[in-house]
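# What the coordinates show
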Amino acid sequence: MTTRLVRPFGTARNSRERLAIAIAVGAMGTLGFSVTSPILPDLADEFGVSRSAIGLVQASVSIAGVLFSVIIGYFADRVGRRRVILISLALFSTFGVASFFARSFWLLVGVRFVQGIGTSGILGVGIVLIGDTFEGAARTRAMGLNTGGLQLTAMMGPVLAGLMAAGGTFRPFLIFLIGIPLAAWASRMPSDRPEADIERPTRHLVECIGLMRREKTLVDYLGILVATFMAVYVLHGLGLTVTPL
């Protein structure tokens, strides 16, 4: 006789609930950028640094996100989506709240960098979870809903941060406490640790490049990559960093 581990919150078996979890997790990731946007000038004054230097508070999250997003998919395949999301939420929330206690400029940049590692996980794996759950037209609709949730949260983040900052410059960082109940909800996702061996990222990358060359889509991919980079630069670099300053 085998003993089954019973979860305190049960298991999310409905595709709609899994979509809701993916949207909520992804939306949480966007707060890492948008919440700090309104308080950048005040942070510069608090730490006595220049307006150009305070941009590292945003850049540290972005740099970590770019560096670790390259391998986050590999880990999601290796240990399972659920485990990666829970670990990423733990990093994101713990070091996000730690920013509230950071009273040194470089300490804040450091904890924000670690938070960015969690950001890469919750933004990337949320999309993968949608791809695993839906197919065809249903997947397209789910992706649209997910994008809408991300954009709505990105717009509301600065508003909430501005209201919270009226009580103290560092207070908006406490919004990352939301990650605790969100992690409890995300724990309802079914365990999905694969039994088969997973190829290493470098081998998978070589195969993808070879496939795009054979199907003559490599140039299209590079064009989309450049366009995506410019869009992120405008949103995070100019919109959420330069404009507030």
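Residues numbered from 1 in each chain as written. Predicted model: local features only at pLDDT ≥ 70, side-chain atom pairs only at ≥ 80, totals over all residues. Heavy atoms only, no water.

Attention shifts here to the nonpolar core. Grouped together as the largest cluster of nonpolar side chains are 41 residues, with contacts concentrated most on M28, L43, I54, L89, L108 and F176. Among the elements of the structure, α1 (15–34), α2 (40–47), α3 (56–79), α4 (81–101), α5 (105–133), α6 (136–165) and α7 (179–186) are those that each provide at least two residues to this core. Sorting elements by how many residues they give to this core places α5 first, with 8 residues. Not counting chain neighbours up to four residues away, the residues in contact with L43 comprise I54, V57, L108, T169, F170 and F173. (Core = buried A, V, L, I, M, F, W, Y, C linked by side-chain atoms within 4.5 Å. Buried < 20%, exposed > 50% of the residue type's maximum accessible area, 1.4 Å probe, protein only. Helix = DSSP H or I, 4+ residues; strand = E, 2+ residues; numbered from the N terminus. Contact = heavy atoms within 4.5 Å.)

So, about the packing of α1 against α6. α6 packs onto α1 with a crossing angle of 35 degrees between their chain directions and a minimal axis gap of 8 Å. Along this stretch, α1 crosses α6, giving a crossing that reads as right-handed. Facing α1, whose interface residues are L19, A22, I23, G26, A27, T30, L31 and S34, α6 presents A142, L145, N146, G149, L150, T153, A154, G157 and P158. Of the residues that constitute the contact of α1 with α6, the class distribution is 10 nonpolar, 7 polar and no charged. (Axes fitted to C-alpha atoms, helices over the stretch in contact; angles between N-to-C directions. Left-handed = near helix turned anticlockwise from the far one by under 90°. Nonpolar A, V, L, I, M, F, W, Y, C, P; charged D, E, K, R; others polar.)

This part covers the confidence of the model for the chain. Looking at the chain, the pLDDT average stands at 84 and 92% of residues meet or exceed 70. Between residues 1–6, whose pLDDT stays under 50, and residues either more than four places distant or in other chains, the model counts 0 contacts. (pLDDT = per-residue confidence, 0-100.)

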